[in-house]
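If you want the building blocks of each chain, they are given just below.
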Amino acid sequence: MPSVVPSDPGASAEVSPEPSAAISYLGKTKIVTFGATEVRATRNDLGFNIACNMINTYDRPLNFRVTVSIGNGKNWMRTTEFDFGQIEAGQTGRETVLVEAFGQDGLPDDPKVYIDSVVNY
């Protein structure tokens, strides 16, 4: 855990907690938001449609790579990457992929969705 040294010896040091993902639903779509990254997972006959929206909150154009995992919390998990080309400052990049699940019985209606990493470069 990072340490914080207050500039005023009489002040108390406070460390911000690690950010956590927010989970919500829009009908049968599970939405996971972490900072400026939003991932939506919707089950279909072939697996899951995964949509990723990435907002560039920086003051210059940047590339972003987002790694997302989806699974049932037991024995099935898939990982996919979204590689956004240069997103202008203040703009949103959007990509959607189909994560197929051939021969998988018992795909979850409410999958476990994780935003594993967000990298800008």
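Refer to the preceding data block for the structure.
Residues numbered from 1 in each chain as written. Predicted model: local features only at pLDDT ≥ 70, side-chain atom pairs only at ≥ 80, totals over all residues. Heavy atoms only, no water.

J.: Pulling in residues and values, what's your account of the overall build of the chain?
T.: Tallying secondary structure elements over the chain gives 0 helices and 8 strands in all. Carbon and sulfur atoms make up 49% of the accessible area of the chain, which amounts to about 7900 Å² in all. (Helix = DSSP H or I, 4+ residues; strand = E, 2+ residues; numbered from the N terminus. Areas by Shrake-Rupley, 256 points an atom, 1.4 Å probe, with all protein chains shown as cover.)

J.: Give a description of the nonpolar core that names residues and reports values.
T.: Soluble globular proteins tend to bury their nonpolar side chains together. Counting residues in hydrophobic clusters, the biggest one holds 21 residues, and the most contacted among them are Ile50, Val66, Ile70 and Phe84. Put simply, the parts of the chain that give this core at least two residues each are β3 (37–43), β4 (47–55), β5 (62–71), β6 (77–87) and β8 (112–120). By residue number, the principal contributor to this core is β5, which donates 5 residues. Residue contacts for Ile70: discarding those within four places in its chain leaves Ala41, Phe48, Ile50, Trp76, Met77, Arg78, Val99, Pro111, Lys112 and Val113. (Core = buried A, V, L, I, M, F, W, Y, C linked by side-chain atoms within 4.5 Å. Buried < 20%, exposed > 50% of the residue type's maximum accessible area, 1.4 Å probe, protein only. Contact = heavy atoms within 4.5 Å.)

J.: Describe the pattern of salt bridges, listing the residues and the values that go with them.
T.: On inspection of all chains with the given rule, the structure shows 4 salt bridges. Here Asp109 ties to Arg43 by a salt bridge, and the two come within 2.8 Å at their closest N and O atoms. Here Asp109, found in the loop between β7 (92–100) and β8, pairs with Arg43, found in strand β3; they are 66 residues apart in sequence, far enough to count as distant. Its relative accessible area of 37% is what places Arg43 among the partly exposed residues. Measuring nitrogen to oxygen at the nearest pair gives 3.7 Å for the salt bridge that ties Arg60 to Asp59. For Arg60, a relative accessible area of 43% corresponds to the partly exposed category. (Salt bridge = Lys/Arg side-chain N within 4 Å of Asp/Glu carboxyl O.)

J.: Please give an account of the sheet that holds β8 that cites residues and values.
T.: Across the sheet, 3 strands lie side by side as β6-β5-β8; this open sheet has antiparallel pairing. Edge positions in the sheet fall to β6 and β8, since each of these pairs with one other strand and no more. Strand-to-strand twist in this sheet, taken as the mean axis angle between neighbours without regard to direction, amounts to 15 degrees. Bridge count for β5 against β6 is 9 bridges, and the pairing is antiparallel. When the sheet's bridge partners are listed, Phe64 is paired in β6 with Phe84. (Pairing = 2+ DSSP bridges. Axes fitted to C-alpha atoms, helices over the stretch in contact; angles between N-to-C directions.)

J.: Residues and numbers for the environment of Ala89, please.
T.: Within the fold, Ala89 resides in the loop between β6 and β7. For the pair formed by Ala89 and Thr57, sequence separation is 32 residues and the distance between their alpha carbons is 6.3 Å. The contact partners of Ala89, leaving out residues within four places of it in the chain, are Asn56, Tyr58, Asp59, Arg60 and Pro61.

J.: Describe the side chain of Thr67, naming the residues involved and giving the relevant values.
T.: For Thr67, the position within the fold is in strand β5. On the accessibility criterion, Thr67 (12% relative accessible area) is buried. Within the structure, Thr67 has its side chain in polar contact with the side chain of Glu81 (distance 3.5 Å). When sequence neighbours within four positions are dropped, the list of residues in contact with Thr67 reads Thr79, Thr80, Glu81, Tyr114, Ile115, Asp116 and Ser117. (Polar contact = N/O pair within 3.5 Å; in protein donor to acceptor, adjacent residues only side chain to side chain.)

J.: How would you summarise the pairing of β3 if you had to cite specific residues and measurements?
T.: Two elements, strand β2 (residues 29–34) and β3, share 5 bridges in a ladder whose sense is antiparallel. When the bridges of β3 are listed, Lys30 appears paired with Ala41. Hairpin connection from β2 to β3: 2 residues lie between these consecutive antiparallel strands, with Gly35 at a positive phi of about 60 degrees. Pairing of β3 with β4, which is carried by 7 bridges, proceeds in the antiparallel orientation. Across the sheet, Arg40 pairs through a bridge with Ala51, a residue of β4.

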